[in-house]
Amino acid sequence: MDELLDQFLIEGRELVADAQSHLAALTADPSDAAHIDGAFRAFHTLKGSVGLFDMAPAGRVLHAGEDLLEQARAGRHPLDGGRVAMLIETIDQIDRWIEAIESIGRLPDDAGGIAATLVAQLDRTAAPAEPAAVDEPEPTAWLQDLVDSTAAIIGADERPMLAFRYRPDAQCFFRGDDPLRIATAVPDLVALRVMPRHHWPALDEIAPFECHLVVEGISAADADAVRSAFLTVGDEVAIVPVPRRVQEAGATNGNARSLRIDEHRIDALADDVGELTLVGNALAHLSADAGRLDGELGARLRQVQAAFERNLASLHRNVTAVRMVSLAPTLRRLPRMVREIAAELGRAVSFTIEGERSEVDKAIADMLFEPLLHLVRNAIDHGVEAPEIRRAAGKPEQGAVTLSVRRDGENVMLDLSDDGAGMDADRIRAAAIDRGVIDAATADGVDNVALFQLVFAPGFSTARSVTSVSGRGVGMDAVKTAVEAVGGTVSIASERGRGTTTTLRLPLSAITTRLLLVRAGGSCYAVPFNAILETAIIATDAIVPIGAGQAFVLRDRTVPVIDLAAVLGAQAGAADRHRLLVVDTRGDRVALIVDGFGAPIEAMVRPPAKLLAGFPGIGGTTVLGDGQVLLVLDPAKLVA
Amino acid sequence: MSVVVNGDVVRLVGRCRVEDAETLHAALLQHPGLAVDLHDCTSLHTALVQLLLIATPPLRDPPQDAMLARWLVPLLETGGGPFEPGPVSL
């Protein structure tokens with residue numbers, strides 16, 4: 001995909017999330033200057049970003065929103081709850097449009113109409129333009145632009161500053177004005193720029209006595225001194241203080257020290273570390289071999305190998321650390337979803353996120369959104385009651401859904417709570433029996449805590465009516481599968497009439513194992529890389545019977561050969577060449593015949609489930625990205 | 001005369017007032033690509049600066065006059081800025 005677009009999809013989302021969090025804060029206090037500033041900056045930057053793409057309706061909507069925030073910022077027209085809600089609706093729409101750009105590469109056909117409606121609504125709530133601003137459609141968008149473009153010049157200068165914009169009349173030369181003479185005489189001039197009022201005319205089209213320029217500048221002098229410099233042309237000049245926060249934002253933008261790196265590069269780095277693990281395994285064996293021939297050489301090789309392992313471990317930790325990302329961008333997408341779901345279901349819901357600062361492995365941040373969205377849907381659809389029912393139950397009409405995030409050792413815990421109806425134990429018991437999730441005799445002996453966990457069982461759903469929101473065929477079992485695939489757990493607690501809390505416990509870093517997929521006897525298996533010494537392809541007749549078994553010679557050493565399919569009780573394939581996986585079984589080499597090699601993968605290996613526990617040679621199971629469950633072989637046990 | 005076309009260079013000399021804009025305009029149109037010498041210029045009206053910003057001729061020799069040079073040189077070099085004016089010398 002286009003690199004510029006890729007960048008926009010990342011940064012655009014961040015800006016949307018940024019705007020949303022400022023607007024969420026403004027919902028509580030519409031006069032908070034810091035958040036007004038923050039929201040304004042996000043709108044302004046977004047407007048600039050969407051301008052690079054075919055998103056004109058988005059630009060118009062953002063411009064109208066920016067105007068509203070600008071008026072609040074200048075203190076001309078304070079925000080109120082209604083206007084903040086309008087702005088939230090605006091930014092939610094931008095979010096949807098960014099999604100559309102990502103999925104279908106363009107804005108939907110109705111974008112123009114939606115934009116017109118939003119702009120009209122925003123304009124209606126805006127203050128009427130001041131007389132002085134008639135000739136100036138963007139009163140202080142220029143200020144932001146000026147501050148942005150002079151950030152490098154202003155730098156770390158912390159003096160309070162004034163910005164001026166001097167728009168001389170086209171006929172001013174005839175009146176004897178010399179605008180640059182006036183502007184350059186402003187005391188303590190920090191920065192200056194001269195721009196065409198619209199665009200520069202061609203040299204052969206310009207009337208030499210017509211003024212076409214605008215002068216903008218920043219001065220560290222006080223307001224009286226700056227004003228007196230423009231005394232004779234006061235009505236053509238706007239002088240405004242440079243907002244402190246904007247100044248700071250400009251300064252930090254200029255000195256950003258972090259890099260944005262394509263995640264595939266990090267994955268490639270992690271892959272290389274995996275390859276090095278293989279080299280390390282081989283080196284360990286080599287030093288053991290060498291030690292048998294020459295003790296001193298073996299000892300020296302072992303030292304080198306130990307140093308290699310230490311450095312490799314450190315490299316692994318560092319690569320893991322690079323993959324740690326904040327949960328905030330994932331979580332900040334939720335409030336908009338909550339608003340949409342609540343609106344669709346006719347529920348009044350307030351949604352709060354507490355403590356979103358935790359950092360987790362990127363793989364976990366990436367997988368988290370879908371399960372959380374499902375849980376949030378459930379909380380609103382099955383948890384929070386309709387307003388009239390809540391009123392009758394003596395609860396506030398607006399339901400509260402809270403997501404709290406906290407760190408617990410090497411785990412991050414996410415609690416999603418609602419203050420809704422809670423779970424009905426009898427109904428769940430009946431449904432579980434009815435759907436064959438549990439038999440009637442067992443169900444009677446199960447307490448509520450254990451009973452509630454049954455909602456995560458495959459095929460369990462007690463929704464009375466299928467709504468477009470919850471009834472998507474993705475049950476709570478999908479949540480459980482996704483969470484367990486990264487080594488997490490999910491549990492649920494509920495109190496009748498008081499609400500439900502679902503808890504996700506996720507590891508901070510995905511503890512993955514590098515696995516090689518192999519085919520044998522018509523099935524696919526995974527083998528941990530750290531057990532593999534090498535792979536080889538040999539002619540069938542290179543394998544010779546030795547005693548009861550068979551073997552082949554690999555670099556002057558006889559290696560026993562075992563047919564993996566036969567060991568696993570499947571039909572051994574016939575071929576004139578064999579693919580061999582040479583594995584380490586407690587110091588001895590054994591070659592396993594396989595039908596073929598698949599791709600290397602990084603995955604969580606879970607201990608074998610009870611059913612498999614008695615079966616030797618199975619080290620555990622792993623879930624592939626597509627939900628397929630694979631058996632992970634433990635070669636040492638397999639051939640024991 | 002404040003605007004002098006002299007061989008391969010347009011020289012701006014002394015105090016260049018608004019009325020010199022027409023002469024400079026004609027000179028820039030007649031001799032496109034000719035360099036502009038500001039060495040002896042002591043003040044330059046906005047109307048002339050505007051023409052230099054539009055025509056962007058090659059510049060030769062900055063003004064000796066420090067008060068003029070402190071803003072005119074960076075302004076023309078950056079094609080309008082933003083720029084940081086040089087220090088005010090007293």
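What counts and what doesn't
Residues numbered from 1 in each chain as written. Chains lettered and ligands numbered in written order. Predicted model: local features only at pLDDT ≥ 70, side-chain atom pairs only at ≥ 80, totals over all residues. Heavy atoms only, no water. Helix = DSSP H or I, 4+ residues; strand = E, 2+ residues; numbered from the N terminus. Buried < 20%, exposed > 50% of the residue type's maximum accessible area, 1.4 Å probe, protein only. Areas by Shrake-Rupley, 256 points an atom, 1.4 Å probe, with all protein chains shown as cover. Pairing = 2+ DSSP bridges. Axes fitted to C-alpha atoms, helices over the stretch in contact; angles between N-to-C directions. Contact = heavy atoms within 4.5 Å. Salt bridge = Lys/Arg side-chain N within 4 Å of Asp/Glu carboxyl O. Patch = residues over 30% accessible without salt bridge, like charges linked within 9 Å, V, L, I, M, F, W, Y side chains within 5 Å. Buried area = accessible area lost by both parts, 1.4 Å probe. Polar contact = N/O pair within 3.5 Å; in protein donor to acceptor, adjacent residues only side chain to side chain. Nonpolar A, V, L, I, M, F, W, Y, C, P; charged D, E, K, R; others polar. Expected span 1.5 Å × (residues − 1). Arc of directions from axis to C-beta. Phe/Tyr/Trp six-rings, centres within 6.5 Å; stacked < 30°, edge-to-face > 60°. Lys NZ or Arg CZ within 6 Å of the ring centre and 35° of its normal. Parallel < 35°, antiparallel > 145°, perpendicular 65-115°, else oblique. Left-handed = near helix turned anticlockwise from the far one by under 90°. Lys, Arg positive; Asp, Glu negative; His and termini not counted. Disulfide = S-S within 2.5 Å.

Tallying secondary structure elements over chain B gives three helices and six strands in all. For chain B, the α and β elements follow one another from N to C terminus as β-β-β-α-β-β-α-β-α. For chain B, the residues scored as buried account for 50% of the 90 residues in total. Total accessible area on chain B is roughly 4,200 Å²; 52% of this is exposed by carbon and sulfur atoms.

Here we come to the sheet that holds strand S8 (residues 399-408) of chain A. Across a sheet, strands are paired by hydrogen bonds formed along the backbone, either parallel or antiparallel in direction. Residue and element names in this part refer to chain A. Spatial ordering of the open sheet is given by S6-S8-S9-S11-S10, a layout of five strands whose pairing is mixed. Looking at the sheet topology across the chains shown, the edges are occupied by strand S6 (349-354) and strand S10 (489-495). For this sheet the average axis-to-axis angle between neighbouring strands, irrespective of direction, equals 15°. Direction of pairing for S8 relative to strand S9 (residues 411-418): antiparallel, over a ladder of eight bridges. The residue bridging Arg406 from the neighbouring strand is Met413, located in S9. Here helix H14 (residues 334-345) sits on the sheet and contacts S6 and S8; the angle it forms with S6, its principal contact strand, is near 165°.

Before going further, it helps to spend a moment on unusual backbone geometry. One non-glycine residue, Asp556 of chain A, lies in positive phi territory at about 70°. Here Asp556 of chain A lies in the loop between strand S16 (549-554) and strand S17 (557-563). Taking the relative accessible area as the measure of exposure, Asp556 of chain A reaches 78% and is therefore exposed. The backbone of Asp61 of chain B shows a phi angle near 50°, a positive value even though the residue is not glycine.

Residue and element names in this part refer to chain A. Evaluation of the coordinates by the stated rule reveals 34 salt bridges over all chains. Close ionic contact of Asp92 with Arg339 constitutes a salt bridge, the shortest N to O distance being 2.8 Å. Pair noted here: Asp92 is in helix H4 (residues 81-104) and Arg339 is in helix H14, with a separation of 247 residues, a long-range link. In this structure Asp92 comes out as buried when scored by relative accessible area, which is 6%. For Arg339, a relative accessible area of 32% translates into the label partly exposed. Between Glu216 and Arg193 there is a salt bridge whose closest N-O contact spans 3.0 Å.

Next up on the list: a nonpolar patch on the surface. A grouping of Leu276, Val279 and Leu315 of chain A is seen on the molecular surface, where their side chains present a nonpolar patch of about 210 Å² in accessible area. Along the chain, Val279 of chain A turns up in helix H11 (residues 263-293).

Further remarks concern the interface of chain B and chain A. Of the residues lining the interface, 26 residues belong to chain B; the matching set on chain A comes to 28 residues. With both sides pooled, the region where chain B packs onto chain A buries about 2,300 Å², and carbon together with sulfur makes up 70% of that total. Contact with chain A buries surface across chain B, with Thr46, Gln50 and Ile54 of chain B losing the most and accounting together for 26% of the total. Counting across the chain B and chain A interface gives zero salt bridges. Between chain B and chain A we count eight residue pairs in polar contact (both at pLDDT 80 or more) in total. Put simply, the parts of the chain that give the side of chain B that touches chain A at least two residues each are helix H1 (21-30), helix H2 (46-55) and helix H3 (66-77) of chain B. With eight residues, H2 of chain B is the single largest residue contributor to the side of chain B that touches chain A. Within the side of chain B that touches chain A, the residues separate by chemical class into 16 nonpolar, six polar and four charged.

Attention now moves to helix H5 (residues 111-125) of chain A. All names here are of chain A. Compared with an ideal rise of 1.5 Å per residue, which puts 15 residues at 21 Å, H5 spans 21 Å between its outermost C-alpha atoms and is within 8% of the ideal. Along H5, the residues classified as buried are Ala111, Ala115, Leu118, Val119 and Leu122. Each buried residue of H5 lies within a common arc of 100° when the element is viewed along its axis, so the set occupies one face. Looking at the packing, one finds that the buried side of H5 touches helix H3 (56-73) and H4.

Let us look at the packing of aromatic side chains. Residue and element names in this part refer to chain A. This model, assessed by the stated rule, comprises four aromatic pairs over all chains. A centroid spacing of 4.8 Å and a plane angle of 40° characterise the contact between Phe8 and Phe53, whose relative ring orientation is tilted. Of this pair, Phe8 sits in helix H1 (residues 3-28) while Phe53 sits in the loop between helix H2 (33-50) and H3, and the two are 45 residues apart along the sequence. Note on accessibility: Phe8 and Phe53 belong to one class, buried. Ring centres of Phe174 and Phe209 lie 6.2 Å apart, and the angle between their planes is 65°; this geometry places the pair in the edge-to-face category. Placement of Phe174 in the loop between strand S1 (162-166) and helix H8 (179-184) and of Phe209 in the loop between strand S2 (189-196) and strand S3 (213-219) is noted, with a sequence separation of 35 residues between them. For the cation-ring pair, Arg333 lies above Phe369, with the distance from its terminal atom to the ring centre recorded as 4.0 Å.

Before going further, it helps to examine the environment of Leu107 of chain A. Residues and elements named next belong to chain A. Here Leu107 lies in the loop between H4 and H5. The class of Leu107 is buried, set by a relative accessible area of 10%. The spacing of Leu107 and Met55 is 52 residues in sequence and 6.7 Å in space, taken between C-alpha atoms. Setting aside its immediate chain neighbours within four residues, Leu107 contacts Asp54, Met55, Pro57, Trp97 and Ile101.

The next thing to look at is H3 of chain A. The end-to-end C-alpha separation of H3 of chain A is 25 Å, in line with the 26 Å expected for 18 residues at 1.5 Å each. Of all 18 residues making up H3 of chain A, 13 are buried, and the element is well covered by its neighbours.

All names here are of chain A. Relative to each other, H1 and H4 sit at 160°, their axes nearing to 10 Å. Accordingly, the angle class assigned to the pair H1 and H4 is roughly antiparallel. The interaxial crossing formed by H1 with H4 has left-handed handedness. Along its contact with H1, which presents Leu5, Phe8, Leu9, Gly12, Arg13, Val16, Ala19, Gln20, Leu23, Leu26 and Thr27, the element H4 presents Val84, Leu87, Ile88, Ile91, Asp92, Ile94, Asp95, Ile98, Glu99, Ile101 and Glu102. Looking at the contact of H1 with H4 residue by residue, the class counts come to 14 nonpolar, three polar and five charged.

Another point: the side chain of Arg347 of chain A. Residue and element names in this part refer to chain A. On the secondary structure map, Arg347 appears in the loop between H14 and S6. There is no salt bridge for the buried Arg347, and the closest opposite charge comes from Asp381, which lies 4.6 Å off by N-O distance. A distance of 2.8 Å separates a polar atom in the side chain of Arg347 from the backbone oxygen of Ile380. Of the polar contacts made by the side chain of Arg347, one reaches the backbone oxygen of Val384; its length is 2.7 Å. Other than its neighbours up to four places away in sequence, Arg347 contacts Ala342, Ile380, Asp381, Val384, Glu385, Ala386 and Pro387.

Attention shifts here to the state of the cysteines. All chains considered together, the criterion is met by zero disulfides over all chains. Residue Cys16 of chain B stays outside any disulfide, its sulfur separated by 4.0 Å from that of Cys41 of chain B, the closest cysteine.

Attention now moves to the sheet that holds strand S13 (residues 523-528) of chain A. Residues and elements named next belong to chain A. An order of S20-S12-S13-S22-S21 is seen for the five strands of this open sheet, with the pairing classed as mixed. Two strands bound the open sheet, and with one partner strand each, they are strand S20 (596-603) and strand S21 (618-623). On average, each strand axis in the sheet is inclined to that of its neighbour by 35°, with strand direction left out of account. Where S21 meets strand S22 (residues 629-633), five bridges bridge the pair, whose relative direction is antiparallel. Along S22, the bridge assignment pairs Gly620 with Val632.

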